[in-house]
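# What the coordinates show
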2 protein chains.
Amino acid sequence: MDYTKKFLLSEQDMPRQWYNIAADMPVKPLPMLNPETRQPVTADELSVLFSREASLQELNMTDRFIDIPNEVLDLYKIWRCTPLVRAYGLEKALDTPAHIYFKNESVSPVGSHKLNSSIPQAFYCKAEGTTNVTTETGAGQWGTALSYAGKAFGLEVAVYMVKVSFEQKPYRRNIMQSYGATVIASPSMSTRAGREIITKYPNYAGSLGTAISEAVELARTTPEKCKYCLGSTMSHVSLHQTIIGLEAEKQMELAGEYPDIVVACFGGGSNFSGIAFPFMRHSFADPSLKTRFIAAEPSSCPKITRGVFQYDFGDQKGYTPLIPMFTLGHAFAPASIHAGGLRYHGAGSIVSQLAKDGWIEGADVDQLEAFDAALQFARAEAIIPAPESSHAIAVAIREALKCKRDGVKKTILFNLSGHGLMDMASYDRYLSGDLKNSPLTDDELHTSIDSLEKII
Amino acid sequence: MDYTKKFLLSEQDMPRQWYNIAADMPVKPLPMLNPETRQPVTADELSVLFSREASLQELNMTDRFIDIPNEVLDLYKIWRCTPLVRAYGLEKALDTPAHIYFKNESVSPVGSHKLNSSIPQAFYCKAEGTTNVTTETGAGQWGTALSYAGKAFGLEVAVYMVKVSFEQKPYRRNIMQSYGATVIASPSMSTRAGREIITKYPNYAGSLGTAISEAVELARTTPEKCKYCLGSTMSHVSLHQTIIGLEAEKQMELAGEYPDIVVACFGGGSNFSGIAFPFMRHSFADPSLKTRFIAAEPSSCPKITRGVFQYDFGDQKGYTPLIPMFTLGHAFAPASIHAGGLRYHGAGSIVSQLAKDGWIEGADVDQLEAFDAALQFARAEAIIPAPESSHAIAVAIREALKCKRDGVKKTILFNLSGHGLMDMASYDRYLSGDLKNSPLTDDELHTSIDSLEKII
């Protein structure tokens, strides 16, 4: 009873600034390019869609720390600081000499780390006179987080939700509606993009690509009043998520340890960046630190592990700026795994540069290994993890078992980005034996990447 | 930013003892009776079904504090101490001078307070050489909590789940299975009770009464090796839940306030007892304390508000001891509201005696008022509450609005017993306008209570 399992920070110890890794990177990321002019995008161009402040943050390469507004800190207080937990139960189950810690972002009211960015994004929109925000959502994590944040600041929130999810997975939709957001099945008749596809394919089930097009169109056709918010990939989203790692850094000090390995699952890269960047800055400054930063990817969508580094679009239709990224090709359609948040073809520009320069390594995880890790974790630590987070758990377990094999004690830190209570349908399929692995084949990879050569 | 929203306690400040209110009650509860002999039940009789230690706790009227075993404290550390939260957002939305606090039990890995008792119950079974535990579950809250706790101590767990829930609400079943429990649709062919009803009514959808019968039969027919665990009503369950109020007491001190009103929803009474008893002991000792303790009940099942005080059975079939209780009659079938955890006909013996003696008041809440309160709370405090907990929120809001009307500042404390993320189907129905109120009519009440007179 005399050991500490959870390392807590009071609200008074909550970080008051986010960490902007771009200021410290040994090699700066290449600029995003306007696809027409091939010139670096400007804050003016970005702020057609995003808030002015988010646009400036997106391009900020100089300020190491950026103040968190008081209004944002007030809402962070609802659940932050989140606990850092020593996974004694998992260590015992694995019989490993490794010390395993996880940052428990699942205690957020929406069950994931996404609120860390939806709150500042909504705040900046409100502060700049915007009345409406919009976004797209597939499984619903990001849409849920934006629904709460927008409403907390008195904004109208419109979420375009992929039609098949809208119909088959009503519960996340219900959460968004409970917060007071308007949720629209996409494709809808309310936008040109939606109407075009509905009239062409009357029973179309929707796709994330179409939902993005609808949300972007709504923002573009409602200038000044309506902004678009994104939940990952962009540098300003990663910036907001650094509060995870800044807290974890203080908490690891309380625990008297420093991580040898930092792991997070990797979709667009925001929760990974959030936990990794604050520790990585010490590696920049001190070459003797050998901390490994591992991006845990699904084997069906392994952009860091197997993708190529080049300019590509952030979306399937080619609406975004050209982003310097590790990518599987913007037209890549990943297998329909249950970790929906990881089914994204590319990585953000900062993470991609860091991976290119050897600061980040990728590790790909098959779906069955991820669920197996999830159950081991749930039985040992009581928390049912999100299928996305389970990829990080799987890599942490791999590394802990290596420690056991080699008789070496290492300190492993992973980010538990969310709980899986809204994802039990996928557990049902796993428990029923219905799930299969679907690793990306070399042929699929080459076909998708070959199509990319036409871009630049 | 300089105010405190969440009052935290470290693991080192966690209470090491539960509070046994029976030792302090001005009028002791009447004994439970063996229905055949009409003599007070003994620990020997109770421990046929329950662990020996739980049976002794059930009858303990003398020890004010009972040690929490170290093994239980170790597992409590996974999520305890839970935060005490000042509901600034809700206060602002209501524009009330009242100070509203809630104890956030929803941060438990299973999303409710139920782990507080499942862990010690499973521990005592393990310590006494039991290898299996069993219980019944309707919506699944208790079954989930026992599934984790049993497995944590290496016990086999069998949960009889009402068949219609097993089929229509697979997600809580999936959580139990993820923890490694065996979940059996009830009625099943594995017990005599199940076989009898299946063969008589081949398509029977199941009921909590039948599931109880099956679990009890399994325990009785597997003596020594298999014990039965209950999630509410019993005094030992309330004892375990007092950790909620013991923590809240310390946290209210940190906040520099003492509650004028303590509210919790009321099903069998365990979460209510948990938050109320530690404060009530001060009211026993100091007559100048005028704290009100309010049991928030559904208007469809208002035993404290409208029931009668007399001996009755705890279950529909009449298998339990006779319990001195506020009851609507053990054959009472409450309307099918969504707060499944509150659909119970009676209150435990301690709570009933306290209500009889004026220490507890009841307040009944219609289903629509509860959901309306839930949405107000979710939009103000970000957390989607369980439908059960929403009854407590509704009463807290009523009292806060009275404060506003009267221009009086009162301190209101309620227990948020769980989150509603597994209950979004009921929110869906509410948001769709499909839900109706179903208050108990006088005719229904009298019919049910009249049938009771035959018992004693």
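Residues numbered from 1 in each chain as written. Chains lettered and ligands numbered in written order. Predicted model: local features only at pLDDT ≥ 70, side-chain atom pairs only at ≥ 80, totals over all residues. Heavy atoms only, no water.

## Focus: the packing of helix α2 (residues 52-59) of chain A against helix α11 (residues 235-255) of chain A
All names here are of chain A. Rules: Helix axes are fitted only over the stretch in contact, all axes being lines through C-alpha atoms; the angle between N-to-C directions runs from 0 to 180 degrees. Going along the chain from the N terminus, every DSSP run of H or I of four or more residues is numbered as a helix, and every run of E of two or more is numbered as a strand. Each angle is binned into one of four classes, with values under 35 degrees roughly parallel, values over 145 roughly antiparallel, values of 65 to 115 roughly perpendicular, and all other values oblique. We call two residues contacting when some pair of their heavy atoms lies within 4.5 Å.
Between α2 and α11, whose axes approach to 8 Å, the crossing angle comes to 90°. With respect to their mutual orientation, α2 and α11 come out roughly perpendicular. Where α2 approaches α11, its residues Ala54, Gln57 and Glu58 are matched on the opposing element by Ser235, His236, Leu239 and His240.

## So, the interface of chain A and chain B
The following threshold applies: In the sections that follow, a salt bridge refers to a side-chain nitrogen of Lys or Arg positioned within 4 Å of a carboxyl oxygen of Asp or Glu. Polar contacts here mean pairs of N or O atoms no more than 3.5 Å apart (in protein, one a potential hydrogen donor and the other a potential acceptor; neighbouring residues in sequence count only if both atoms are side-chain atoms). Just so you know the grouping, Ala, Val, Leu, Ile, Met, Phe, Trp, Tyr, Cys and Pro go in nonpolar, Asp, Glu, Lys and Arg go in charged, and all remaining residues, Gly too, go in polar.
Taken together, the contact between chain A and chain B spans 47 residues of the former and 47 residues of the latter. Taken together, the links from chain A to chain B amount to four salt bridges. Run the count over chain A and chain B and you get 22 residue pairs in polar contact (both at pLDDT 80 or more). The set of elements that each furnish at least two residues to the side of chain A that touches chain B consists of α3 (70-76), α8 (170-178), α15 (367-381) and α17 (424-431) of chain A. A breakdown of the residues in the side of chain A that touches chain B according to their chemical character gives 26 nonpolar, nine polar and 12 charged.

## Brief notes about the nonpolar core
Under the convention used in this document: What we call a nonpolar core is a set of buried Ala, Val, Leu, Ile, Met, Phe, Trp, Tyr and Cys residues that are connected through their side-chain atoms within 4.5 Å. Burial classification: accessible surface area is computed with a 1.4 Å probe over protein chains only, and a residue below 20% of its type maximum counts as buried, one above 50% as exposed, and the rest as partly exposed.
Counting 52 residues, the largest nonpolar core has Trp18, Tyr76 and Ile119 of chain A together with Ile384 of chain B as the members making the most contacts within it. Non-local contacts of Ile384 of chain B, meaning those with residues more than four positions away in its chain, are made with Ile175, Ser178 and Tyr179 of chain A together with Ala378, His419, Gly420, Leu421, Met424 and Tyr427 of chain B. Counting residues in each nonpolar core, the second largest holds 51 residues, with Met424 of chain A together with Trp79, Val159 and Val183 of chain B among its members.

## With respect to the domain arrangement of chain A
All names here are of chain A. Using the following cut-off: All domain edges in this entry derive from an automatic or database-based domain assignment. Once two parts are joined, some of their accessible surface, as seen by a 1.4 Å probe, is lost; buried area is that loss totalled over both.
You can read the domains of chain A as domain 1 (6-13 + 68-111 + 236-450) and domain 2 (112-233). Placing a centre on the C-alpha atoms of domain 1 and another on those of domain 2 gives a separation of 25 Å. Contacts between the two partners involve 33 residues from domain 1, matched on the other side by 29 residues from domain 2. Both faces considered, domain 1 and domain 2 share a buried interface measuring about 2,700 Å² in area, 62% of it formed by carbon and sulfur atoms. Looking at the side of domain 1 facing domain 2, the largest losses of area belong to Val110, Tyr319 and Met422, adding up to 23% of the total buried there. Run the count over domain 1 and domain 2 and you get zero salt bridges. For the interface between domain 1 and domain 2, the tally reads nine residue pairs in polar contact (both at pLDDT 80 or more). Of all the secondary structure elements, the ones that give two or more residues to the side of domain 1 that touches domain 2 are α3, α11 and α12 (270-285).

## Some remarks on the environment of Phe272 of chain B
Residues and elements named next belong to chain B. Looking at where Phe272 falls in the secondary structure, it is placed in helix α12 (residues 270-285). Through-space distance from the C-alpha of Phe272 to that of Phe332 is 22 Å; in sequence the pair is 60 residues apart. Residues contacting Phe272, with those up to four places away along its chain left out, are Ala264, Cys265, Phe266, Phe293, Ile294, Ala295, Val351 and Ile360.

## Some points on the sheet that holds strand β15 (residues 411-416) of chain A
Within a beta sheet, neighbouring strands are joined by backbone hydrogen bonds and run either parallel or antiparallel to one another. Residue and element names in this part refer to chain A. Our working definition: Strand pairing follows a simple DSSP-based rule, namely that at least 2 bridges must link the two strands.
Strand order in the open sheet formed by seven strands is β1-β4-β5-β15-β10-β11-β14, and the pairing between neighbours is mixed. The open sheet has two free edges, formed respectively by β1 (6-7) and β14 (361-365), since each of these has just one partner strand. Of the strand pairs in this sheet, strand β10 (residues 261-265) and strand β11 (residues 292-298) are connected by five bridges, and their pairing is parallel. When the sheet's bridge partners are listed, Ile261 is paired in β11 with Arg292. Contacting β5 (99-104), β10, β11 and β15, α12 runs over the sheet at an angle of about 160° to β10.

## Remarks on unusual backbone geometry
Residues and elements named next belong to chain B. Note that the residue after Arg80, namely Cys81, is joined by a cis bond; omega there is 0°. Structurally, Cys81 can be placed in the loop between α3 (70-76) and β4 (84-86). With an omega of 10°, the peptide bond between Ser186 and Pro187 qualifies as cis. With respect to the helices and strands, the residue Pro187 is situated in the loop between β8 (182-186) and α9 (192-200).

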